[in-house]
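For reference, the chains in residue letters:
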Amino acid sequence: MAAAPQFIPYDHWKPDEPPLNAAQRFQQCVSKRRTVRHFSNRPVPKELIESIIAAAGSAPSGANKQPWRFVAIDDPEVKREIRDGAEAEEQLFYDQRAPERWLGDLHQLGTDAHKPHLEDAPWLIAVFKLMQDEYDNNLSGGVYYVNESVGIACGLLLAAAQHAGLATLTHTPSPMQFLCQILQRPAYERPFLLIPVGWPADDCMVPDITRKPLDEIMAHNRSGGSST
Ligand code: IYR
């Protein structure tokens, strides 16, 4: 029979300012985040990348399986191969695969198949989902809620990068199989997201788009308003 589960005291993080101040400061920080496609060539120390990946790795996950791998790439040759692979898929996307409606929705972003930022950004973080538990030899090898788990981890990574003053881009060339070959990943790893990371270029511009206001994204109690 399995040993009884073990419990330890909870080490509760307490902000060094009142909770609402802390919440609002964090909100201000993350709400200034924008997807950036113009990176400076100023280097980013590896320790910074390690720290934001460690923050991502603190995410909750199904049965604590931590079904993620973050491959950090700063080798110019590997970045070039990734750019070539992504641009080949994106060319097909823009020329053939994307329906008109999708291209219409993307118009405001000004994107096309040209992806120089995949070489300009000092780091690329390729995020993979682990489709089996690589350390679990005795048990089932199972992984659970993998998309939810890796999605949460990526959200933390983006927030950690933003908090450090770094700029990021969530890039999803589709399909992303080329990443497995270039990065020589094992068969049980599936590409999830490609995240260029760096400092924004001095003349960095972003699309003139806005986020929905709180009252459009939040509901209180039942539909129709709160019953006080
Ligand atoms: N992957 C393509 C197209 C694209 C799709 C969505 I949905 C976006 O929000 C942005 C771009 C590209 O990166 O150009």
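Residues numbered from 1 in each chain as written. Predicted model: local features only at pLDDT ≥ 70, side-chain atom pairs only at ≥ 80, totals over all residues. Heavy atoms only, no water.

Draft legend 1. Focus on the sheet that holds strand E3 (residues 167–168). Spatially, E1-E2-E4-E3 is the arrangement adopted by the 4 strands of the open sheet, whose pairing is antiparallel. Two strands in the sheet have a free side with no partner beyond their single neighbour: strand E1 (68–73) and E3. Taken together, the 2 bridges between E3 and strand E4 (residues 189–198) define a ladder with antiparallel strand orientation. Following the sheet pairing, Ala-167 is matched in E4 by Gly-198. Of the strands in this sheet, E1, strand E2 (123–130) and E4 touch helix H3 (residues 76–97), which is tilted by about 115° from E1. (Pairing = 2+ DSSP bridges. Helix = DSSP H or I, 4+ residues; strand = E, 2+ residues; numbered from the N terminus. Contact = heavy atoms within 4.5 Å. Axes fitted to C-alpha atoms, helices over the stretch in contact; angles between N-to-C directions.)

Draft legend 2. Region of interest: the side chain of Asp-133. Structurally, Asp-133 can be placed in the loop between E2 and helix H6 (146–163). What makes Asp-133 buried here is its relative accessible area of 15%. Only 2.9 Å separates the side chain of Asp-133 from the side chain of Lys-65, close enough to count as a polar contact. The contacts of Asp-133, once residues within four sequence positions are left out, are Lys-65, Gly-141, Gly-142 and Val-143. (Buried < 20%, exposed > 50% of the residue type's maximum accessible area, 1.4 Å probe, protein only. Polar contact = N/O pair within 3.5 Å; in protein donor to acceptor, adjacent residues only side chain to side chain.)

Draft legend 3. Looking closely at the pattern of salt bridges. For the structure on display, the rule yields 11 salt bridges. For the salt bridge of Arg-69 with Glu-189, the shortest nitrogen-to-oxygen distance reads 3.0 Å. You can see Arg-69 sitting in strand E1 and its partner Glu-189 sitting in strand E4, a full 120 residues away along the chain. Arg-69 sits in the partly exposed class, given a relative accessible area of 22%. Of the charged contacts in the structure, one is a salt bridge between Arg-97 and Glu-89, with a shortest N-O distance of 2.9 Å. (Salt bridge = Lys/Arg side-chain N within 4 Å of Asp/Glu carboxyl O.)

Draft legend 4. How the structure looks around the environment of His-107. Tracing the backbone through its elements, the reader meets His-107 in the loop between helix H4 (100–106) and helix H5 (117–120). Residue classification places His-107 among the exposed positions, given a relative accessible area of 66%. Separated by 23 residues in the primary sequence, His-107 and Asp-84 place their C-alpha atoms 23 Å from one another.

Draft legend 5. Summary view of the packing of aromatic side chains. Inspection of the entire model under this criterion finds 2 aromatic pairs. Taking 4.8 Å as the distance between ring centres and 85° as the angle between the ring planes, the aromatic pair formed by Phe-93 and Trp-102 counts as edge-to-face. Members of the aromatic cluster, each reached through a chain of ring pairs, are Phe-93, Tyr-94 and Trp-102. The positively charged end of Arg-42 is found above the aromatic ring belonging to Trp-199, 4.2 Å away from the centroid. (Phe/Tyr/Trp six-rings, centres within 6.5 Å; stacked < 30°, edge-to-face > 60°. Lys NZ or Arg CZ within 6 Å of the ring centre and 35° of its normal.)

Draft legend 6. Region of the structure containing the site of the ligand. Near the ligand, the surroundings consist of Glu-90, Phe-93, Tyr-94, Trp-102, Leu-106, Leu-109, Thr-111, Asp-112, Lys-115, His-171 and Thr-172. Within the side chain of Lys-115, a nitrogen or oxygen atom sits 2.5 Å from an oxygen atom of the ligand. With respect to the ligand, the side chain of His-171 contributes an N or O atom lying 3.3 Å from an oxygen atom. In the complex, 73% of the free accessible area of the ligand, which totals 380 Å², lies under the protein chains. Residue assignment for the shell around the ligand shows that the elements contributing at least two residues are H3 and H4. Take the shell around the ligand: its biggest share by element is 3 residues, from H3. (Near = heavy atom within 4 Å. Areas by Shrake-Rupley, 256 points an atom, 1.4 Å probe, with all protein chains shown as cover.)

Draft legend 7. Structural context of the side chain of Arg-33. Residue position: Arg-33 is located in the loop between helix H1 (19–31) and helix H2 (46–56). Separated by 3.3 Å, the side chains of Arg-33 and Thr-35 make a polar contact. Polar side-chain contacts of Arg-33 include one of 3.0 Å to the side chain of Thr-168. Arg-33 has contacts with Leu-158, Gln-162, Thr-168, Leu-169, Thr-170 and Arg-211, leaving out every residue within four places of it along the chain.

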